[in-house]
Amino acid sequence: MNSYSKVVTIDGPVGSGKGTVGQKLALKLGWGFLDSGALYRACALVATENSLDSSRSSAILKIVGDSDFRSEPRADGEEALVFLKGANVSEQIRTPDIARFASELATNESIRTGLMSIQNSYLRESGLIADGRDMGTVVFPNALLKVYLDANLHARAERKYIQLKNKGICVNFDALYKEIEQRDARDSTRIHAPLTKPEGALVIDTSNLPPDEVVIRILNELDAVCKMEFEIEKYC
Ligand code: DC
């Protein structure tokens, strides 16, 4: 398929629906799924457990690198399953404290560079859906299709609030709203690989759109891109 990688990247801010939509797409297409946010959260978890601050990036990367990180899509609309050394850490990495620390660690250039090889190891012949903040801009710049999901802050905060509540984690809505606002600002203004819309991305506002509708829009676009690719190959 020309010089394009069989990858669909889905970038966007907290609560824009990347995870839900990405998992549905991966399962529908039978492609692999990379939840890159979970990788940053895994760094935050091992750093917390080993009392390492952000200045100890090599030590953090060594532990995560030796932990056989795996993310698996789920069919039930919940967030992806995440394993470290075979242990299910999906709940532990999804607390507000770990989310905050992950966003802080993500400003560190050596952490970002160090995680590139794990992210690239997810590339496979069958295809890959990669979700995060810099999937289309930095990690998979040759992706077949780049998607950027967005939604208004209130809708995104509500989604996160319900997700946390369903897990039995009680948070104050206003505090969560502010926390997400701060995380958005940090993720999109940091120096290294900030969250931005990749050039040529399919941009979808998910504020009032159910995930299945978003999936259909992406599949239609993918279909169009694949047909175009085929045409290009035919005339090469
Ligand atoms: O998608 P998430 O909320 O699980 O991500 C947690 C943090 O990780 C997010 O606030 C910023 C960081 N992150 C990143 O910098 N680059 C990515 N590709 C994915 C996540």
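Our subject is the structure that appears above.
Residues numbered from 1 in each chain as written. Predicted model: local features only at pLDDT ≥ 70, side-chain atom pairs only at ≥ 80, totals over all residues. Heavy atoms only, no water.

### Remarks on the nonpolar core
In terms of nonpolar packing, the biggest core is built from 35 residues, with Leu34, Ile60, Phe69, Leu115 and Phe140 touching the most fellow members. Secondary-structure elements contributing two or more residues to this core are helix 2 (36-49), helix 3 (57-65), strand 4 (81-84), helix 4 (96-105), strand 6 (128-132) and helix 7 (135-139). Broken down by element, the residue count for this core peaks at nine residues, all from helix 2. In this view, phenylalanine 140 contacts Val7, Thr9, Leu34, Gln119, Asn120, Leu123, Leu128, Ala130, Met135 and Lys146; residues no more than four positions away in its chain are not counted. Residues Ile10, Ala26, Leu209 and Val215 belong to the second largest nonpolar core, which totals 21 residues. (Core = buried A, V, L, I, M, F, W, Y, C linked by side-chain atoms within 4.5 Å. Buried < 20%, exposed > 50% of the residue type's maximum accessible area, 1.4 Å probe, protein only. Helix = DSSP H or I, 4+ residues; strand = E, 2+ residues; numbered from the N terminus. Contact = heavy atoms within 4.5 Å.)

### Describing the sheet that holds strand 8 (residues 202-205)
Reading across the sheet, the five strands line up as 2-6-1-7-8 and stay open at both edges, with parallel pairing between neighbours. Since the sheet does not close on itself, it has two edges, and those belong to strand 2 (32-35) and strand 8, each with one partner. Direction aside, the axes of adjacent strands within the sheet are offset by 20° on average. Across five bridges, the pairing between strand 1 (residues 5-11) and strand 7 (residues 143-150) is parallel. The partner of aspartate 11 across the bridge, within strand 7, is tyrosine 148. Sitting on the sheet, helix 2 touches strand 2 and strand 6, and the angle it makes with strand 2 is about 45°. (Pairing = 2+ DSSP bridges. Axes fitted to C-alpha atoms, helices over the stretch in contact; angles between N-to-C directions.)

### A look at the site of the ligand
Among the 14 residues in the neighbourhood of the ligand, the closest are listed as Arg41, Arg112, Arg183, Asp187 and Arg190. Within the side chain of serine 36, an N or O atom sits 3.0 Å from a nitrogen atom of the ligand. The contact in question runs from an oxygen atom of the ligand to an N or O atom on the side chain of arginine 190, over 2.8 Å. Among the elements of the structure, helix 2 and helix 9 (173-189) are those that each provide at least two residues to the shell around the ligand. Counting residues per element, the shell around the ligand draws most heavily on helix 2, at four residues. When its residues are assigned to classes, the shell around the ligand shows three nonpolar, four polar and seven charged. (Near = heavy atom within 4 Å. Polar contact = N/O pair within 3.5 Å; in protein donor to acceptor, adjacent residues only side chain to side chain. Nonpolar A, V, L, I, M, F, W, Y, C, P; charged D, E, K, R; others polar.)

### Some points on the pattern of salt bridges
Considering all chains together, one arrives at 14 salt bridges under this definition. Across the pair glutamate 79 and lysine 160 runs a salt bridge, and its minimum N-O distance is 3.5 Å. Placement of glutamate 79 in the loop between strand 3 (70-72) and strand 4 and of lysine 160 in helix 8 (residues 153-166) is noted, with a sequence separation of 81 residues between them. Accessibility expressed as a relative area gives 15% for glutamate 79, which makes it buried. Of the residues examined, lysine 160 reaches a relative accessible area of 17% and is grouped as buried. With its nearest N and O atoms 3.0 Å apart, the salt bridge here joins aspartate 97 to arginine 100. Of this pair, aspartate 97 and arginine 100 both sit in helix 4, three residues apart, which is roughly one turn of that helix. Residue class for aspartate 97 comes out exposed when judged on its relative accessible area of 52%. Given a relative accessible area of 29%, arginine 100 falls into the partly exposed group. Put simply, Asp35, Glu79, Arg94, Lys160 and Lys167 are held in one network by salt bridges that share partners. (Salt bridge = Lys/Arg side-chain N within 4 Å of Asp/Glu carboxyl O.)

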